Amino acid sequence: MAHHQLPSWTLFLAVCAVGIGGTFQYGYNVSIINAPTQHIHRFLNETWTNRYHKALNPDLLTFLWSVIASVFSLGGLCGAVVGGSMAIRLGRKGALLMNNIIAMLASILMGISFPTGLFELLIAGRFLIGINSGVGICVQPLYLGEVAPKHLRGGMAMGSSIFLTGGILMGQIIGLRELLGEEMYWPLLLSSSCLPAFAQLLFLPWFPESPRYLLIDRGDELSCVKALKRFHGSSEYGREMEDIQRESFALDGVKAKKPWQLFTDRAVRWQLITVIVMTMGQQLSGINAIYFYATYVFEQAGISAEQIPYVTLGTGACECLTALTCGLLIDYVGRRYLIIGGYLLMTLWSIVLTFSLTYQELYPWVPYVSMTSIFAFILSFGLGPGGITNILIAELFIQSSRAAAYMIGGTISWISFFTIGMLFPFIVNRLKQYCFLVFLLECSSMAAFLFFVIPETKNKSFLAIKKEFHKLNFGRNKKETELYERRQLHDGF
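Residues numbered from 1 in each chain as written. Predicted model: local features only at pLDDT ≥ 70, side-chain atom pairs only at ≥ 80, totals over all residues. Heavy atoms only, no water.

Undergrad: Help me out: how do you make sense of the overall build of the chain in this one?
TA: The helix and strand inventory of the chain stands at 25 helices and zero strands. The C-alpha radius of gyration computed for the chain amounts to 23 Å, which stays within 12% of the reference 23 Å derived for 493 residues, consistent with globular compactness. With respect to the three principal axes, the spread of C-alpha positions in the chain is 75 × 50 × 45 Å. Taking all 493 residues of the chain together, 55% fall into the buried category. (Helix = DSSP H or I, 4+ residues; strand = E, 2+ residues; numbered from the N terminus. Rg over C-alpha atoms; globule rule 2.2 N^0.38 Å. Buried < 20%, exposed > 50% of the residue type's maximum accessible area, 1.4 Å probe, protein only.)

Undergrad: In this structure, what is going on with the packing of helix H4 (residues 58-89) against helix H6 (residues 119-147)? I would like to understand it.
TA: Packing of H4 against H6 leaves a shortest axis separation of 6 Å and a crossing angle of 35°. In the packing of H4 onto H6, the handedness of the crossing is right-handed. (Axes fitted to C-alpha atoms, helices over the stretch in contact; angles between N-to-C directions. Left-handed = near helix turned anticlockwise from the far one by under 90°.)

Undergrad: What's the story with the nonpolar core in this structure? I'm lost.
TA: In globular proteins that are soluble, nonpolar side chains generally tend to be buried together. Grouped together as the largest cluster of nonpolar side chains are 119 residues, with contacts concentrated most on Ile40 and Leu450. Among the nonpolar cores identified, the runner-up in size contains 13 residues, and Leu214, Ile216, Ile244 and Ile398 belong to it. (Core = buried A, V, L, I, M, F, W, Y, C linked by side-chain atoms within 4.5 Å.)

Undergrad: I keep staring at the confidence of the model for the chain and nothing clicks. Help me out?
TA: Summarising the model, the chain shows a mean pLDDT of 84, and 93% of its residues fall at 70 or more. Here helix H25 (residues 478-488) is the element of the chain with the lowest mean pLDDT, 53, and helix H10 (residues 194-203) is the one with the highest, 94. Counted against residues more than four places away or in other chains, residues 488-493, with its pLDDT under 50, gives eleven contacts. (pLDDT = per-residue confidence, 0-100. Contact = heavy atoms within 4.5 Å.)

Undergrad: What is the right way to look at the environment of Tyr213 in this model?
TA: With respect to the element layout, Tyr213 can be found in helix H11 (residues 211-217). Taking the relative accessible area as the measure of exposure, Tyr213 reaches 1% and is therefore buried. On a C-alpha basis, the gap between Tyr213 and Gln399 in space is 7.9 Å, while along the polypeptide they are 186 residues apart. Apart from residues lying up to four places away in sequence, Tyr213 is in contact with Ala87, Ile88, Arg89, Leu90, Gly91, Arg92, Glu146, Arg218 and Gln399.

Undergrad: Looking at this structure, I do not really get empty space enclosed by the protein. What am I missing?
TA: Rolled over the atoms, a probe sized like a water molecule indicates the empty space that remains. Summed over the entire model, instances satisfying the criterion amount to one cavity of 30 Å³ or more. The calculated volume of the largest cavity comes to roughly 40 Å³. Surrounding the largest cavity, Val268, Gln271, Leu396, Phe397, Ile398, Ser401, Phe462 and Lys466 form its lining. (1 Å grid on protein atoms, 1.4 Å probe; cavity = no way out; pocket = protein on both sides within 12 Å on 5 of 7 lines; lining within 4 Å. Points joined across faces, edges and corners; volume = space filled by probe spheres on them.)

Undergrad: I'm lost on unusual backbone geometry in this one. Help?
TA: Excluding glycine, residues mostly have negative phi values, and the peptide bonds linking residues are mostly trans. Unusually for a residue other than glycine, His53 sits at a positive phi of about 60°. Position of His53 relative to the elements: it lies in the loop between helix H3 (37-52) and H4. Residue classification places His53 among the exposed residues on the basis of a relative accessible area of 70%.

Undergrad: Honestly, H6 in this entry has me stumped. Any pointers?
TA: The periodicity of an α-helix, 3.6 residues per turn, causes residues three or four positions apart to be oriented the same way. Between its first and last C-alpha atoms H6 spans 42 Å; for 29 residues at 1.5 Å apiece the expected length is 42 Å, and the two agree. Buried residues dominate H6, accounting for 26 of its 29 residues. (Expected span 1.5 Å × (residues − 1).)

Undergrad: Even after reading the chapter, I still don't get the side chain of Gln172, so can you show me in this structure?
TA: Position of Gln172 among the secondary structure elements: in helix H8 (residues 159-174). Contacts of Gln172, omitting those with residues within four sequence positions, involve Ser31, Thr312, Leu313, Thr315 and Gly316.

Undergrad: Can you walk me through the packing of aromatic side chains in this structure?
TA: The way to describe two aromatic rings as a pair is by their centre distance and the angle between their planes. Tallied over the entire structure, the rule returns 15 aromatic pairs. Seen in terms of ring centroids, Tyr26 and Phe72 are 6.2 Å apart; in terms of plane orientation they differ by 25°. Their pairing is stacked. Here Tyr26 is found in helix H2 (residues 23-32), whereas its partner Phe72 is found in helix H4, with 46 residues between them in sequence. Each member of the pair, Tyr26 together with Phe72, is buried. Look at Phe43 and Phe114: their rings are 5.7 Å apart centre to centre, the planes differ by 55°, and that puts the pair in the tilted class. Here the residue Phe43 occupies a position in helix H3, and Phe114 occupies one in helix H5 (residues 92-116), the gap between them amounting to 71 residues. (Phe/Tyr/Trp six-rings, centres within 6.5 Å; stacked < 30°, edge-to-face > 60°.)

Undergrad: What's the story with H8 in this structure? I'm lost.
TA: Here H8 spans 22 Å end to end across 16 residues, near enough to the 22 Å set by a 1.5 Å rise per residue. Among the 16 residues of H8, 13 are classified as buried, and the element is accordingly described as predominantly covered.

Undergrad: Hey, could you run me through the pattern of salt bridges in this one?
TA: Where charged atoms from two side chains of opposite charge come close, those side chains can pair. Summed over all chains, the structure comprises eleven salt bridges. Between Arg92 and Glu146 there is a salt bridge, with the nearest N and O atoms lying 2.8 Å from each other. Remark: Glu146 occurs in helix H6 and Arg92 occurs in helix H5; sequence separation between them is 54 residues. For the pair Arg92 and Glu146, a shared accessibility class is recorded, and that class is buried. Here Lys460 ties to Glu468 by a salt bridge, and the two come within 2.5 Å at their closest N and O atoms. The class for Lys460 is partly exposed, based on a relative accessible area of 23%. (Salt bridge = Lys/Arg side-chain N within 4 Å of Asp/Glu carboxyl O.)

Undergrad: Mind showing me how you'd approach the environment of Phe12 here?
TA: Turning to its location among the elements, Phe12 is positioned in helix H1 (residues 9-20). Phe12 sits 147 residues away from Gly159 along the chain, and the two C-alpha atoms are 9.4 Å apart.

In structure tokens:
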């Protein structure tokens, strides 16, 4: 029926209120550090000279810059570790609101680093904004996955990717010379991350807490009903309430699990393996290599150095557009086809890029093939692993395991992000353009793994998805199967 096809205004605005201070912050802060690189180098040199009355050693400068850039990942890892616990103790909404205090403090520290001449404040600020991003990227998909109705869960959960890519694009725009890219404005640029935090503090309190959290974790049925009525309307909330009650009854008072408990729980073994493989696969898929090679390819295509930042905006816009497209397609096409198809297309473009980068100078038209392949790779990533991975983490687990699963997924993701950041320059130096053969192997392996393991989760309840993994987790062991099925008798009331 038509009135089931679109979310209510309350749901739509809740996605926006959650996204602006959640994954938007991650995308924005990953992006804005690129524009002021040279300005920060100059600041480090001047600060060191004024403080110690001698020039800063070039190796030490490189080290300090690496710390400023990579401490964000360390903060993100810490944020992922505490994010799930915050979501359980403070609630999904409460954790996001508290998270903005960290962003505000980070913005102040980064903003005053230049006038005080203390680059240590810049490092501390980047670490804190990393924590903020780690918490946001863990808790936001959790909230969206839980408030969305079954038939819109994919599209609404894509809000995480849409805001993340929107943050990257906004960071690229704000970092242009015409806006805050000039040398005098870099402290203002880095401290501008307080604006999304302030916006979330202003708007999110007007929206309800996750109804699933209220009923299953808190046992507050009255607040759950009120929240569902706000989100779905008085006439439509009944179906969602039934689904939540069924899951609550199946859990039978089981408390939220800790991350280490999932590793010993046979009922979620393959879901956990899938999450670990998916999050590692997403980070190691070659998307970082694409951005690394983008500037070189654009130069070879005859684009001047002054124009490259504007062309790079095209890559950000491309990612953002793809996330929006994926959001529209996901509840029609399904998760399985999009993520497997995305990895297969990335495998194809890795082959094309290896050849085109190898023969870049042989024919004048080859650089344009490379440029097209870069945009095609970004599109394939956005349609598949970029958008679907976070949604599947929410869908593969029931309420008692979901927050812990996001903590594990987030931790693996940030460790992979940090590792690829450290190893990537060495991989490129050794293998040159042939590094895409490594990513080709990784993408094709991911497609094969997902083909054999991941069921389609579109329009299915969380309990139904859990049953899909039953055979993988227990095999043909009759005794364990009977015990499992007895527990599932709760589901049918």
